[in-house]
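Residue strings, one per chain:
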Amino acid sequence: MILPWVRVEHLASHILGRMARQVPRDWQQVYGHPIHLLETFVDPERFRGTCYRAANWIVVGKTTGRGKDSTSSRPNRSIKLVLALPLHRRFRQLLSQ
């Protein structure tokens with residue numbers, strides 16, 4: 001819920017940016033290792049992912065439409081867009097270590 005007196009330009013991008021700064025700190029504190037890339041899923045049948053794209057998230061592909069515990073090769077749920085936000089310039093190198 002957004003209260004009526006909240007006045008922030010580009011609110012969704014603002015919130016996503018704050019989240020992208022906070023999550024790596026919290027993750028490091030709780031799990032003791034860094035993260036270099038954030039990932040999220042958007043159901044294109046319901047949403048366009050406009051706020052993520054405005055916050056510089058990159059569409060990297062689509063899911064197969066199968067859940068993680070699926071035993072068949074057929075989709076059993078909606079196919080989602082996969083969006084990612086690199087948190088470091090060298091994220092590819094850091095992820096491959």
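Scroll up a little and you will see the structure.
Residues numbered from 1 in each chain as written. Predicted model: local features only at pLDDT ≥ 70, side-chain atom pairs only at ≥ 80, totals over all residues. Heavy atoms only, no water.

What follows is about the overall build of the chain. Scanning the chain from N- to C-terminus turns up 3 helices and 3 strands. The C-alpha atoms of the chain give 16 Å as radius of gyration, which overshoots the globular expectation for 97 residues (13 Å, by more than 25%). For the chain, the spread of C-alpha atoms along the principal axes amounts to about 50 × 40 × 25 Å. Within the chain, the fraction of its 97 residues that count as buried is 22%. The contacts of the chain with a sequence gap of at least 6 include a subset with a gap of at least 24, amounting to 55%. Of the roughly 8000 Å² of accessible surface on the chain, 53% is carried by carbon and sulfur atoms. A distance of 4 Å separates the average location of the 16 positive side-chain charges in the chain from that of its 6 negative side-chain charges. (Helix = DSSP H or I, 4+ residues; strand = E, 2+ residues; numbered from the N terminus. Rg over C-alpha atoms; globule rule 2.2 N^0.38 Å. Buried < 20%, exposed > 50% of the residue type's maximum accessible area, 1.4 Å probe, protein only. Contact = heavy atoms within 4.5 Å. Areas by Shrake-Rupley, 256 points an atom, 1.4 Å probe, with all protein chains shown as cover. Lys, Arg positive; Asp, Glu negative; His and termini not counted. Charge placed at Lys NZ, Arg CZ, Asp CG, Glu CD.)

Our focus in this paragraph is a nonpolar patch on the surface. A cluster of nonpolar side chains, namely M1, I2, L3, W5, V6 and V8, defines an oily patch on the protein surface of about 690 Å² accessible area. Here M1 lies in the segment before α1 (11-31). You can call M1 exposed: its relative accessible area is 92%. (Patch = residues over 30% accessible without salt bridge, like charges linked within 9 Å, V, L, I, M, F, W, Y side chains within 5 Å. Salt bridge = Lys/Arg side-chain N within 4 Å of Asp/Glu carboxyl O.)

Looking now at the nonpolar core. If you look at the biggest cluster of nonpolar residues, it comprises 10 residues: L16, A20, I35, L38, V42, A55, W57, L81, L83 and L85. Those elements giving two or more residues to this core turn out to be α1, β1 (37-42) and β3 (81-86). Among the elements that make up this core, the one with the highest residue count is β3 (3 residues). (Core = buried A, V, L, I, M, F, W, Y, C linked by side-chain atoms within 4.5 Å.)

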